[in-house]
Protein chains: 2
Amino acid sequence: MAYSWLKVPNDSDFTIVNVPFGVFSVPGKSPRAATILGDTVLDLSLLEEAGLFDDIMPIANIFCRPDLNTFIEQPKAVWSNVRQRVIRLLVEPCEDPRLKENSALKRASFHHIAEVKMHLPIHVGDYTDFYSSREHATNVGTMFRGKDDALQPNWLHLPVGYHGRASTVYVSPHNVHRPYGQLQKDANDPSQGSEYGPCQLMDFELEMAAVVGGAANTRPMTIEQAKSRIFGFLLMNDWSARDIQKWEYVPLGPFTSKNFATTVSPWIVTADALEAFAAPTSAGLQDNPTPLPYLQDPEYGSYDVVMTVAIQSARQSQPNVVCTSNFKNLYWNSAQQLAHHTVTGCSMKAGDLLGSGTISGSTETSFGSMLELSWKGSREVKVGEEKRKFLHDGDVVVLKGHCVMSRHTFGCRDRST
Amino acid sequence: MAYSWLKVPNDSDFTIVNVPFGVFSVPGKSPRAATILGDTVLDLSLLEEAGLFDDIMPIANIFCRPDLNTFIEQPKAVWSNVRQRVIRLLVEPCEDPRLKENSALKRASFHHIAEVKMHLPIHVGDYTDFYSSREHATNVGTMFRGKDDALQPNWLHLPVGYHGRASTVYVSPHNVHRPYGQLQKDANDPSQGSEYGPCQLMDFELEMAAVVGGAANTRPMTIEQAKSRIFGFLLMNDWSARDIQKWEYVPLGPFTSKNFATTVSPWIVTADALEAFAAPTSAGLQDNPTPLPYLQDPEYGSYDVVMTVAIQSARQSQPNVVCTSNFKNLYWNSAQQLAHHTVTGCSMKAGDLLGSGTISGSTETSFGSMLELSWKGSREVKVGEEKRKFLHDGDVVVLKGHCVMSRHTFGCRDRST
Ligand SMILES: [Ca+2]
Ligand SMILES: [Ca+2]
Ligand SMILES: [Mg+2]
Ligand SMILES: [Mg+2]
Ligand code: NI
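Residues numbered from 1 in each chain as written. Chains lettered and ligands numbered in written order. Predicted model: local features only at pLDDT ≥ 70, side-chain atom pairs only at ≥ 80, totals over all residues. Heavy atoms only, no water.

Q: Hey, could you run me through the pairing of strand β15 (residues 206-212) of chain B in this one?
A: Moving residue by residue along a regular strand, the side chains alternate between the two faces of the sheet. Residues and elements named next belong to chain B. Burial analysis of β15 places seven of its seven residues in the buried class, which makes it a mostly covered element. Covered by surrounding structure in β15 are Leu206, Met208, Ala210 and Val212 together with Glu207, Ala209 and Val211, the residues of both alternating faces. One ladder, built from seven bridges, connects β15 with strand β16 (residues 230-238); its direction is antiparallel. The residue bridging valine 212 from the neighbouring strand is isoleucine 230, located in β16. Note that β15 and strand β24 (residues 353-355) share three bridges and pair antiparallel. Of the residues in β24, the one forming a bridge with valine 211 is leucine 353. (Buried < 20%, exposed > 50% of the residue type's maximum accessible area, 1.4 Å probe, protein only. Helix = DSSP H or I, 4+ residues; strand = E, 2+ residues; numbered from the N terminus. Pairing = 2+ DSSP bridges.)

Structure (structure tokens):
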């Protein structure tokens, strides 16, 4: 177990083995890169200015920019070196005393988390959402097509995904307004058409988003290359208007039902930090069928990250957990998603986001959306003393990731309004 | 009829009533904004530097940037003023002699088109592709579901669309490589799964892309607002791998079958320039059904732009026209697409692209894709002396737009390789 000379509260997820990356600002200063340890946000631009990364950084002034894109565009070795350097600077006994012994630098670069504003850490060039939890796809398929036809014929052969809307990826916390849109009048009588009105079936989706790093590819990536191109992960809530989705999505996929808001946690937990939590997926093996060679991952697995969703209504003082799932509940992992994404030659850029798809487990309390928890609105979900089928206005939806994932108060915590 | 004191070849689409915007570079100089008249590319950054736009431009140094985004982020009045100013500078009799009488400025800012390199004129934040030609949707629906079920129940109620991939929007000319990807082995026996191999059904899609301008919205746009937010149009080829598409697209839409390349023409023809060619759509009226109020356009219509596709094989010396369609062949116009895009609150930014969807007419020679021209591969399409069902390697695909659209040699001209 490693400790820091800096005080870290006992319950903090931001320990010295985490070192996530984010973008913060304080009044009067432009947004810039940071990491966090306990309650302390460290201004990486000042550490960089003081020369602490000089020997390991190929480019100058990388941390004073308003997003991390240029940093994560560097090769994986650079990300790893910076993380290791931060650990050496902060660990006790100290391995690199240039920060610990520089009071002026500490004063200038340390901020209490309560005093800073967090920003979207990346400029999202493109955002893709996958559909890679077998439990989730089976649930949705069973609801809409019946148990025998639950998975479409392609599902076990490729990570099904679709392009999402990059301009509406917001950092959490964010107020998500209940959208107005087109709703079918009567599913049994399509000739009645649709009406315009507020979404009645407002929902969240519990997801993890991989942040793509490295230089843009011009050719398909192998699984091996894809692995080295995943910078880290964000918790993600893919807000969804189920009634709008149902009417619009045939045949080209969800559109206005999904493009009003996608929220992500502010701190990117690196793939390096998650390494220690590598774990088999809920599928165990992929052998029925075996994927095509370009999708075969010799280290097939995901990460053991407990993921929860809690809801706090406007009348409640505490969030109530409605779902406990795990990042292991995936059939296609992030490296497979990335390799598939590029199979026809698609260029991936630093800052691109790959949503995992809703991460549902196999039990009724591990489903990652109200659609599944209420089984298409056929049953009530307990939210403390209250009940829900879908979200109400004023509900705060809190996503958390345990283990090294972002400290709980910095998961997603967004209000449905 | 207006003429310029600058020589314009008789057959040029870049007349003084066009004034399209693009981004060019010459050796040793960074990319910057330009317009074109006849064969002459005009460096707008030098005209700006000489003060010719000082009284009408809210921001300095707008034309020396590598994309037009900051310019088209300005209100529509700014775009119109700049276009009018360029016309006044170039028209004969001259209405503003500051360019005509400045030999040094003319020498520095005029380039023959053959001497410049054209770039993608915008940074595409997000790219959306619609499906708004009724003739095209009916063709595809008839092929795959039969005549009676051709249009899905939602199609006449909203402009169906999906999010595309922004990172692979390329300026024409571009070499488009035949992608490898997943192909279903036997559609009649899904249990056989898929195999990895080269796309066998390589296709183009003849589209027009609207370029969104103005400041990012935070609320839904009315039709009226949407109209003032369309900066101009590009010809677009939405390259498509039909066999990959068929296997992957259920239920979330096309993905790797479309994200390897989308090519656009280099010159953005402004909405102002197209105004003179406003025309009813092929639908005439939208009264069966009448759209919901937020989609009702009091000036419902499109533009009379003849659009052609020609193919030139590696053995041929001339392109052979295989399709003659028209931008009128739309059911949902660009303003309706944009209003619908924002109905749930999606934020649109300057530089976002809205593809029209394949623009097919009602006759067999006006279909905008090989899929339709060869009717799913059931008949041969004449390409000069040769025949095609889908594209062959080495085929050059030439898209043109007539009337004021970009000069024919600067439509899309891309090689399938
Ligand atoms: Ca999702
Ligand atoms: Ca298309
Ligand atoms: Mg979303
Ligand atoms: Mg495309
Ligand atoms: Ni961008």
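Q: What am I meant to see in the coordination of the magnesium ion (ligand 4) here?
A: Four donors placed tetrahedrally about a metal ideally form angles of 109.5 degrees, and six donors placed octahedrally ideally form angles of 90 or 180 degrees. Residue and element names in this part refer to chain B. Only Asp238 (OD) and Thr262 (OG1) from the protein reach the magnesium ion (ligand 4) as donors, at distances of 2.0 to 2.3 Å. Here threonine 262 lies in strand β18 (residues 262-264) and aspartate 238 lies in strand β16, a separation of 24 residues in the sequence. Assessed through its relative accessible area of 1%, threonine 262 is described here as buried. (Donors = N, O, S within 2.8 Å, 3.2 Å for Na, K, Ca; no water.)

Q: Explain the pattern of salt bridges here, please?
A: Side-chain pairs of opposite charge can arise where the charged atoms are in close proximity. Residue and element names in this part refer to chain A. All chains considered together, the criterion is met by 36 salt bridges over all chains. For aspartate 395, the salt bridge is made with arginine 388, and the minimal N-O distance between the two is 2.8 Å. Of the residues examined, arginine 388 reaches a relative accessible area of 2% and is grouped as buried. Salt bridges sharing common partners tie together Asp203, Glu205, Asp238, Arg242 and Lys258. (Salt bridge = Lys/Arg side-chain N within 4 Å of Asp/Glu carboxyl O.)

Q: Explanation requested: the coordination of the calcium ion (ligand 2) in the structure shown.
A: Residues and elements named next belong to chain B. The protein atoms that coordinate the calcium ion (ligand 2) are Asp129 (OD), Glu205 (OE), Glu207 (OE) and Asp238 (OD), at distances of 2.2 to 2.3 Å. Read N to C, the donor residues that coordinate the calcium ion (ligand 2) are spaced as D-x75-E-x1-E-x30-D. With aspartate 129 in strand β8 (residues 127-130) and glutamate 205 in the loop between β14 (202-203) and β15, this pair connects stretches of sequence that are 76 residues apart.

Q: Would you mind going over the UniProt feature "binding site: Mg(2+)" (unreviewed entry) in chain A with me for this structure?
A: All names here are of chain A. Following the UniProt record, one finds the feature "binding site: Mg(2+)" (unreviewed entry) at Asp238, Lys258 and Thr262. Over a stretch of 25 residues, the named residues converge on one spot in the fold, their C-alpha atoms separated by at most 7.7 Å. Its relative accessible area of 7% is what places lysine 258 among the buried residues. The contacts of lysine 258, once residues within four sequence positions are left out, are Tyr162, Glu205, Asp238, Trp239, Ser240, Arg242 and Gln245. A polar contact is formed between the side chain of lysine 258 and the side chain of serine 240, at a distance of 2.8 Å. (UniProt positions renumbered as here; feature names shortened; annotations may be inferred. Contact = heavy atoms within 4.5 Å. Polar contact = N/O pair within 3.5 Å; in protein donor to acceptor, adjacent residues only side chain to side chain.)

Q: Before we go on, may I ask you to explain the relation of the copies chain A and chain B in this structure?
A: Two copies of a chain can be linked by a rotation about an axis combined with a shift along that same axis. Rotating chain A by 180 degrees and moving it 0.0 Å along the rotation axis overlays it on chain B with an RMSD of 0.0 Å. Given the turn and translation reported, the copies of this chain are related as if by a two-fold rotation axis. Of all interface residues in chain A, 100% are interface residues in chain B too; the two copies therefore contact each other through one and the same surface. (Least-squares fit on C-alpha atoms with pLDDT ≥ 70 in both.)

Q: Any chance you could explain the sheet that holds strand β2 (residues 22-25) of chain B here in plain terms?
A: Adjacent strands of a sheet pair through backbone hydrogen bonds, lying either parallel or antiparallel. Residue and element names in this part refer to chain B. Ordered in space as β6-β4-β3-β2-β7, the five strands form an open sheet in which the pairing is antiparallel. Single-partner strands in this sheet number two, and they are β6 (110-112) and β7 (117-119). The average angle at which neighbouring strand axes cross in this sheet is 45 degrees, direction not considered. Here four bridges tie strand β3 (residues 32-37) to strand β4 (residues 40-43), and the two strands are oriented antiparallel to one another. Looking across to β4, one finds that isoleucine 36 is bridged to valine 41. (Axes fitted to C-alpha atoms, helices over the stretch in contact; angles between N-to-C directions.)

Q: I tried to follow the interface of chain A and chain B on my own but got confused; where do I start?
A: How big an interface is tends to be expressed through the accessible area that disappears when the partners come together. If you look at the interface, chain A gives 55 residues, while chain B gives 55 residues. Between chain A and chain B lies a buried interface of about 5000 Å² when both sides are counted; carbon and sulfur atoms form 61% of it. For the chain A face of the interface with chain B, the top three residues by lost area are His163(A), Leu252(A) and Phe255(A), together amounting to 16%. For the pair chain A and chain B, the number of links is four salt bridges. Taking the shortest distance from any N to any O, the salt bridge between Arg165(B) and Asp126(A) comes out at 3.5 Å. Secondary-structure elements contributing two or more residues to the side of chain A that touches chain B are β8 (127-130), β9 (161-163), β12 (180-184), β13 (194-198), α7 (242-248) and α9 (334-341) of chain A. Its residues assigned to classes, the side of chain A that touches chain B comprises 27 nonpolar, 22 polar and six charged. (Buried area = accessible area lost by both parts, 1.4 Å probe. Nonpolar A, V, L, I, M, F, W, Y, C, P; charged D, E, K, R; others polar.)

Q: What am I meant to see in the environment of Glu73(B) here?
A: Residue and element names in this part refer to chain B. By the secondary structure assignment, glutamate 73 is in the loop between α2 (69-72) and α3 (76-90). Taking the C-alpha atoms as reference points, glutamate 73 and proline 289, 216 residues apart in sequence, are found 35 Å from one another. In contact with glutamate 73, other than residues within four places in its own chain, are Gly214, Ala215 and Ala350.

Q: Could you clarify how one ought to interpret the packing of aromatic side chains in this entry?
A: To describe a pair of aromatic rings, one takes the distance between the centres and the angle between the planes. All told, the structure shown has 34 aromatic pairs over all chains when counted by the stated rule. Ring geometry for Tyr294(A) and Tyr196(B): centres 5.5 Å apart, planes at 40 degrees, overall tilted. You can see Tyr294(A) sitting in the loop between β20 (278-279) and β21 (302-303) and its partner Tyr196(B) sitting in strand β13 (residues 194-198), one on each of two chains. Aromatic ring contacts, followed pair by pair, group Phe21(A), Phe53(A), Phe63(A), Phe71(A), Trp79(A) and Phe231(A) into a single cluster. Over the ring of Phe144(A) we find Lys376(A); its NZ or CZ atom is 4.8 Å from the centre of that ring. (Phe/Tyr/Trp six-rings, centres within 6.5 Å; stacked < 30°, edge-to-face > 60°. Lys NZ or Arg CZ within 6 Å of the ring centre and 35° of its normal.)

Q: Just to check I follow, could you spell out the confidence of the model for chain A for this structure?
A: A low pLDDT means the predicted coordinates there should not be read in detail. Residues and elements named next belong to chain A. Residues of chain A with pLDDT of at least 70 account for 98%, and the chain-wide mean is 95. Predicted confidence is poor over residues 406-410, with pLDDT under 50, and the contacts of this stretch with residues over four places away or in other chains come to 21 contacts. For this predicted complex, the interface confidence score (ipTM) comes to 0.96, while the overall pTM stands at 0.96. (pLDDT = per-residue confidence, 0-100.)

Q: What is the right way to read the side chain of Asn326(A) from this model?
A: Residues and elements named next belong to chain A. Examined against the element boundaries, asparagine 326 turns out to sit in strand β23 (residues 320-326). For asparagine 326, a relative accessible area of 11% corresponds to the buried category. A distance of 2.8 Å separates polar atoms of two side chains, one belonging to asparagine 326 and the other to aspartate 304. Discounting chain neighbours no more than four positions away, the residues touching asparagine 326 are Tyr303, Asp304, Val305, Val306, Met307 and Ile359.

Q: It is not clear to me how the domain arrangement of chain A should be interpreted in this structure. Could you clarify?
A: Residues and elements named next belong to chain A. The domain architecture assigned to chain A consists of domain 1 (3-119) and domain 2 (127-297 + 326-363). For domain 1 versus domain 2, the separation of C-alpha centres amounts to 31 Å. For the pairing of domain 1 and domain 2, the buried interface totals around 1600 Å² over both sides, and the portion due to carbon and sulfur atoms is 68%. Per-residue buried area on domain 1 facing domain 2 is highest for Ile72, Lys76 and Trp79; these three make up 32% of the total on that side. At the surface where domain 1 touches domain 2, the tally comes to one salt bridge. Notably, a salt bridge pairs aspartate 272 with lysine 76, separated by 3.1 Å at the nearest N-O pair. (Domains from an automatic or database assignment.)

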